[in-house]
Amino acid sequence: MKDSFFTLTFFPRKPRTVGDGEYPLYVRITTEGQKTEFTIGRKVQPTNWDQRAQKSTGRSRRDIELNKYLEMVRSRFYEIHNRLLNEGKYINPQIMKNHYFGMVEKPKMLCDVFRETNVKRKEEYERGDMGYATFSRWERCVTYLEEFMTLTRSEKDIPIKDVTKGFIQDFEHFLRMSKECANNTTVRYLRYLKNVLQYALANKWISEDPFSGKRFKRTKAERTFLTEPELQRMMALDLKAFPRIETVRDTFVFCCFTGLAFIDVQTLRRTDISTDSDGMMWIRKAREKTSELSVIPLLDVPKAIMQKYENHPVALSKGAVLPVMSNQKVNAYLKELADLAKIQKHLTSHIARHTFATMSINNHVPLETISKMLGHADIKTTLIYAKMMDKTISEDMEIMRTKFNGVSLG
């Protein structure tokens, strides 16, 4: 843009009405033929005013303070001009006047707008349209943005209009390297940021979407699960000498036969279990993540585990079915369990849910039924768990094999 040179002139103007004999002082700003004038709220005796020097020649304390004030006003306008120039903004007298009086609308800040959208996310969570884990990630994304900007810019927020493609690329690098986020987690956070910027675009706080042309590529998740022989080896372990590990093993096995996610077994209460008219026990519990109802028949193995801990002091104090430890401790003990059971897999609490889904499929439970037990809103989610073993495929083809066995072409 052009360097908008400006001039600043102070001058007194005779008032329209007779007063105390003093003249109000005005300032005139001129840039490239444009000008604006306004009073600065001070007066001066006209006989003391030196227009060439643009100051009062009086020697009173009042005149000295007036001259200091004029210098302050002058410095303020030079500061405004330099800032607008450095930011590449358009400069004219009215814009400088607006900045001087603080009449310029403050820019929308990225994290402020993000938190504004998170208010809506919170409403969705409270309404049951969003799980707590998802809502927590939305809030965590703002925290990560602040950490990123503090690290790279020494400030916690920037105007949302200053978000560029380069900013997004740097934030993505920060998520992957500094926060050690996996690819799909990184993609999820970037999609949250894109959602916020589209919200800003809709409100005309930005003129273009910096995500334009950006493509997200999710990694196809490989779902680890235990085979039935591996699960049986774990169940056969004698862990009476290691009560903490035994409790973790029992919790894990309980989830392998119910499909409950860790947070759901941790919050499972005895009131979530009912008995029907045929004596069959059922778990009926809304998932913490999605609020979708899981309906699961209680088989003998999880029923025996539940009975084993019915008088456990921790379970009794919480009204819980099992005395579940923290997820961090559970995952730590699962590493020991894997070694004891000679399982060459990295076990986590969520593998129990994968194991339940896979065992159900391998035992010919229909996908629709599995979806209902897992509390999936969409059967497409259940298809992720559809890991079919050769044995299952062979059994499923047995009818066709028997029907056409020995049939030859004519």
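Going by the structure above, here's the rest.
The rules we used
Residues numbered from 1 in each chain as written. Predicted model: local features only at pLDDT ≥ 70, side-chain atom pairs only at ≥ 80, totals over all residues. Heavy atoms only, no water. Helix = DSSP H or I, 4+ residues; strand = E, 2+ residues; numbered from the N terminus. Expected span 1.5 Å × (residues − 1). Buried < 20%, exposed > 50% of the residue type's maximum accessible area, 1.4 Å probe, protein only. Arc of directions from axis to C-beta. Contact = heavy atoms within 4.5 Å. Polar contact = N/O pair within 3.5 Å; in protein donor to acceptor, adjacent residues only side chain to side chain. Pairing = 2+ DSSP bridges. Axes fitted to C-alpha atoms, helices over the stretch in contact; angles between N-to-C directions. Salt bridge = Lys/Arg side-chain N within 4 Å of Asp/Glu carboxyl O.

### Topic: helix H3 (residues 110-127)
Reasoning step 1: Compared with the 26 Å implied by 1.5 Å per residue over 18 residues, the 26 Å span of H3 between its first and last C-alpha is a close match.
Reasoning step 2: Among all positions in H3, only Leu110, Cys111, Val113, Phe114, Thr117, Asn118 and Arg121 are buried. Viewed along the axis of H3, the buried residues span an arc of 145°, placing them on a single side of the element. Those residues of H3 that are exposed and angled more than 90 degrees off the buried face are Glu126 and Arg127.
Reasoning step 3: Taken together, the buried residues of H3 touch helix H4 (132-153), helix H5 (165-177) and helix H6 (183-202).
Reasoning step 4: Just past H3, the residue glycine 128 takes up positive phi, approximately 90°.

### Considerations on the side chain of aspartate 250
Reasoning step 1: Tracing the sequence through the fold places aspartate 250 in helix H8 (residues 243-256).
Reasoning step 2: When its relative accessible area of 5% is taken as the criterion, aspartate 250 is described as buried.
Reasoning step 3: Within polar-contact distance, the side chain of aspartate 250 engages the side chain of lysine 308 at 2.7 Å.
Reasoning step 4: Ignoring sequence-local partners within four residues, the contact set of aspartate 250 consists of Ile305, Lys308 and Tyr309.

### Here's the deal with the sheet that holds strand E6 (residues 273-275)
Reasoning step 1: With antiparallel pairing, the three strands of this open sheet are ordered in space as E6-E7-E8. Two strands close off the open sheet at either side, each with one partner strand: E6 and strand E8 (293-297). Ignoring which end each strand starts from, the neighbouring axes of this sheet average 25° apart.
Reasoning step 2: In terms of strand pairing, E6 meets strand E7 (residues 281-286) through three bridges, oriented antiparallel. The residue bridging isoleucine 273 from the neighbouring strand is isoleucine 283, located in E7.

### With respect to the pattern of salt bridges
Any two side chains of opposite charge can pair, given that their charged atoms come close.
Reasoning step 1: Scanning the model with the defined rule gives 19 salt bridges in all.
Reasoning step 2: A salt bridge links glutamate 37 to arginine 28, with the nearest nitrogen and oxygen atoms 2.6 Å apart.
Reasoning step 3: Assessed through its relative accessible area of 24%, arginine 28 is described here as partly exposed.
Reasoning step 4: Notably, a salt bridge pairs glutamate 147 with lysine 179, separated by 2.9 Å at the nearest N-O pair. One end of the pair, glutamate 147, is in helix H4; the other, lysine 179, is in the loop between H5 and H6, with 32 residues separating them in the sequence.

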